[in-house]
Amino acid sequence: MKLTSVLLPVAALAATTLALPAPASAKAPARPHDFNGDGRTDLVVNGPTSVKRGAVGEGLVAILYGKTGRKQVITRDSAGVSSVAEHGDGFGFSTASADFDRDGYADLAITGPDEDGVTIVYGSKKGLSARAAFLRTETTAFAWGNRLAVGDFDRDGRADLVATVRNRYWIFSKIDKGKKPTSRTGSVIVDDEFIPDELVPAVGDFTGDGRNDLILGAGKGTFSRLLKGSASGLSAPVSVPWLGPIETAAVGDFNGDGRDDLATANGNDVSVRLGRSSGLTKPRSVAGSVSGAPITSTSNSIAVADVDRDGKDDLAIGAPYRGAAGAGRVVLLHGHKSGVTTKRAQVFSQKNKGLKAGPERGDKFGWSVRLLDLTGDRRPELAIGSPGEDRRSGRLYVLARQGGKITTRGARTYGPRDFGLSGSQFGFRLLP
């Protein structure tokens, strides 16, 4: 993957890495989600009804640090974050990460459906800190369309933050240290004959010109626009082949041509659109079957990384209602010159050895998936959320990579109690 995206799905998230060049006088920026700067990706988990010192629905994010296995929980009452008065219910439903202040520690942007803006929690040597800032968007009445994405659209070495609320989007740049760390460069109402109820942002170098571009799709309806990156920032939106509706999206270079490609899922279909100089090709459905079952049936989440290190990104698809007893499963497809292929596909379910769990109806294994490098060896692991397991308290599985494949041998599992949480549906979202 080239300059890639941080995407905000409805049900899961794709692993992403945005590499930003550092000024000569600055420490090299950390990779996204490396909050303590140790070179390992840290995993962000959200259980929508998990609780820690608060009422159900207020929201939280739980962090599993890649090197040490240390765990941290951030709520709207956490030190630094609590100084923001505009918090509403659902805090943490959407996140994105980049080293906004370029100090060598990744930072975390957090919002939710009843938030008036975006909270930035800054990283440090010990991980996410008590230093926070707030970027205002607008007050909204519990709009589930709040999404976040990150890119460097003008290629100035600074990460820009995209925030969407219903049918509006904001671009924040120069998110540096201090109480007022931001310069808001855009607040635009999308005015079109097909006005979407919510915008789904996806960031990648789709045109292959070395700059990040922004795709805005619709959670419902047919709206889709491309904003190309340029020296002065994003260009005016132009129409692209029909994208919607989109529940979740992920970006990677599946065919190895140097341009980013876009994968989208909308419940019963997963499609791949290849990047080209003008934007994106028309969608191609990920058709076929593995182990006698359709790949795309009830697919809820997707994630991207180069698992076999062949220069082409691979695609993980969660199908939480497939498999034995409808308990759920995950399919890993490999990149191919035409996009993705079903050859050498891997299938994971709770029947696999090493997971130490039997499949039960309602487990929703694969409701959320993510590919990420927790160990720092540049070999992605596969994280799988199973929010219905253990009588809906939820469980998280982390599967390692061995050779060019993901293996269930030695799989690690985590439940809400491991993070000091109670409530239900832990692992509902594995956030980017």
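Look a little higher up for the structure.
Rules behind the numbers
- Here the residue index of a chain counts from 1 through its sequence in written order.
- In view of the model being predicted, local features appear only for residues whose pLDDT reaches at least 70, and side-chain atom pairs are presented and counted only at 80 or more, with totals across whole chains, interfaces and linings using the full set of residues.
- Each side-chain value is worked out from all heavy atoms of the structure, with water and hydrogens disregarded.
- Any carboxyl oxygen of Asp or Glu within 4 Å of a side-chain nitrogen of Lys or Arg constitutes a salt bridge here.
- Here a helix means four or more residues in a row that DSSP labels H or I, a strand means two or more in a row labelled E, and each is numbered from the N terminus.
- Buried means the residue's accessible area, taken with a 1.4 Å probe over protein chains only, is under 20% of the maximum for its type, while exposed means over 50%, and partly exposed covers the values in between.
- Residues count as neighbours in contact if any of their non-hydrogen atoms are within 4.5 Å of one another.
- Only strands joined by at least two bridges in the DSSP assignment are considered to pair.

A. Local environment of the pattern of salt bridges. Applying the stated rule across the entire model yields 5 salt bridges. As a salt-bridge pair, Arg-344 and Asp-308 come within 3.6 Å of each other at their nearest N and O atoms. Linking Arg-344 in strand 30 (residues 339–348) with Asp-308 in the loop between strand 27 (301–305) and strand 28 (314–319), this pair joins segments that are 36 residues apart in sequence. Residue classification places Asp-308 among the buried positions, given a relative accessible area of 15%.

B. Main features of the environment of Ala-263. When you line up the elements, Ala-263 lands in strand 20 (residues 261–265). Taking the C-alpha atoms as reference points, Ala-263 and Ile-246, separated by 17 residues in sequence, lie 9.9 Å from one another. Leaving out residues up to four positions away in the same chain, Ala-263 has contacts with Thr-248, Ala-249, Ala-250, Phe-254, Ser-271, Val-272, Ile-302 and Leu-315.

C. Spatial organisation of unusual backbone geometry. Look at Asp-390: it is not a glycine, yet its phi comes out positive at around 55°. With respect to the element layout, Asp-390 can be found in helix 1 (residues 389–392). Among the residues examined, Asp-390 registers a relative accessible area of 38% and is labelled partly exposed. Even without glycine at this site, Arg-391 takes up a positive phi of about 55°. Locating Arg-391 in the fold gives a position in helix 1. You can call Arg-391 exposed: its relative accessible area is 84%.

D. Here's a closer look at the pairing of strand 34 (residues 405–414). Bridge analysis of strand 33 (residues 395–402) against strand 34 gives 6 bridges, and the strand direction is antiparallel. Bridge pairing in strand 34 places Tyr-397 opposite Thr-413. Connecting the antiparallel pair strand 33 and strand 34 is a turn made up of 2 residues, with Gly-403 showing a positive phi of about 65°.

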